[in-house]
Amino acid sequence: MPWRLDSMELDEREMMDFSALPPALLLAACFVGGLVIGYGYFRALRATTDLILHAGKPLMALALTLGRMSLLATALFIAVLAGGAALLAAFAGVLCAKALMFYRLRREAP
């Protein structure tokens, strides 16, 4: 049988099939992913505010803002493809990262 291109075509849902993973592993991975993305998001937010307040580099602040928002949106979209529970786990990871960042900032403040 000759090779056909249409038999090889897959859409995004077939390429990213998360149903083969055990649910506990999927939720744990989404939570840890949310922690990592949330930590990066809030670090970039702090760097943006430092740039605006101290360095006065508005283009760099704009680039950081667009980068952190697009990274968060992409991560949450991937979690949506895995299902509602995975999205909630990723969002919980982002919220825990926020809480950890605030805790650390309160300890650093005089």
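Residue indices follow the written sequence of each chain, beginning from 1 at its first position. Predicted model: local features are reported for residues with pLDDT of at least 70 only, side-chain atom pairs are reported and counted for 80 or more only, and whole-chain, interface and lining totals are derived from all residues. Side-chain numbers here rest on the full set of heavy atoms in the structure, without hydrogens or water.

K.L.:
Got a minute to help me understand the layout of surface pockets in this structure?
P.N.:
For the largest pocket, the calculated volume is near 160 Å³. Numbering goes from the N terminus for both helices and strands, where a helix is a DSSP run of H or I of at least four residues and a strand is a run of E of at least two. For the lining of the largest pocket, the secondary-structure elements that each account for two or more residues are α2 (23-55), α3 (58-82) and α4 (84-108). Here the term charged refers only to Asp, Glu, Lys and Arg, the term nonpolar to Ala, Val, Leu, Ile, Met, Phe, Trp, Tyr, Cys and Pro, and the term polar to all other amino acids, Gly among them. Taken together, the residues that form the lining of the largest pocket break down as 13 nonpolar, 2 polar and no charged. Site definitions follow a grid-based scheme: protein atoms alone, a 1 Å grid, a 1.4 Å probe that fits but cannot get out for cavities, and for pockets an open set with protein on both sides within 12 Å along at least five of seven lines, plus lining residues having an atom within 4 Å of a point. Grid points are joined across faces, edges and corners, and a volume is the space filled by probe spheres set on the points.

K.L.:
Quick question: what am I supposed to make of the packing of aromatic side chains here?
P.N.:
Where two aromatic rings form a pair, the distance of their centres and the angle of their planes describe that pair. Only Phe, Tyr and Trp rings are paired, with Trp represented by its six-membered ring, and only when their centres lie within 6.5 Å; those with planes under 30 degrees apart are stacked, over 60 edge-to-face, the remainder tilted. Using the criterion set out here, one finds 1 aromatic pair in the structure. Judged by centre distance (5.0 Å) and plane angle (85°), the rings of Y41 and F42 are edge-to-face. A relative accessible area of 18% places F42 in the buried class. Over the ring of Y41 we find R68, and its NZ or CZ is 5.1 Å from the ring centre. Buried residues are those whose accessible area, probed at 1.4 Å on protein chains only, stays under 20% of the maximum for their type, while exposed residues exceed 50% and partly exposed ones sit between those limits. We call a charge positioned over a ring when the NZ of a Lys or the CZ of an Arg lies within 6 Å of the ring centre and within 35 degrees of the ring normal.

K.L.:
Can you help me understand the pattern of salt bridges in this one?
P.N.:
Counted as salt bridges are all cases of a side-chain nitrogen of Lys or Arg within 4 Å of a carboxyl oxygen of Asp or Glu. The tally for this structure, following the rule as stated, stands at 2 salt bridges. Here E108 makes a salt bridge to R46, at a shortest N to O gap of 3.7 Å. Taken together, the residues E108 in helix α4 and R46 in helix α2 connect sequence positions 62 residues apart. You can call E108 partly exposed: its relative accessible area is 48%. For R46, a relative accessible area of 32% puts it in the partly exposed group. E108 serves as the salt-bridge partner of R104, at 3.5 Å between the closest nitrogen and oxygen.

K.L.:
How should the packing of α3 against α4 be read in this particular structure?
P.N.:
Angle between the axes and distance between the axes are the two parameters that describe a pair of packed helices. Taken N-terminus to C-terminus, the directions of α3 and α4 make an angle of 150°; their axes are 7 Å apart at the nearest point. From α3, L72, L76, A79, V80 and A82 reach across to α4, where they touch A86, L87, A90 and V94. When the residues that make up the contact of α3 with α4 are grouped by side-chain class, the tally is 9 nonpolar, no polar and no charged. As a rule, the C-alpha atoms of each element are fitted with a line to give its axis, helices using only the stretch in contact, and angles between N-to-C directions run from 0 to 180 degrees. Residue contacts are counted whenever heavy atoms from the two residues lie within 4.5 Å of one another.

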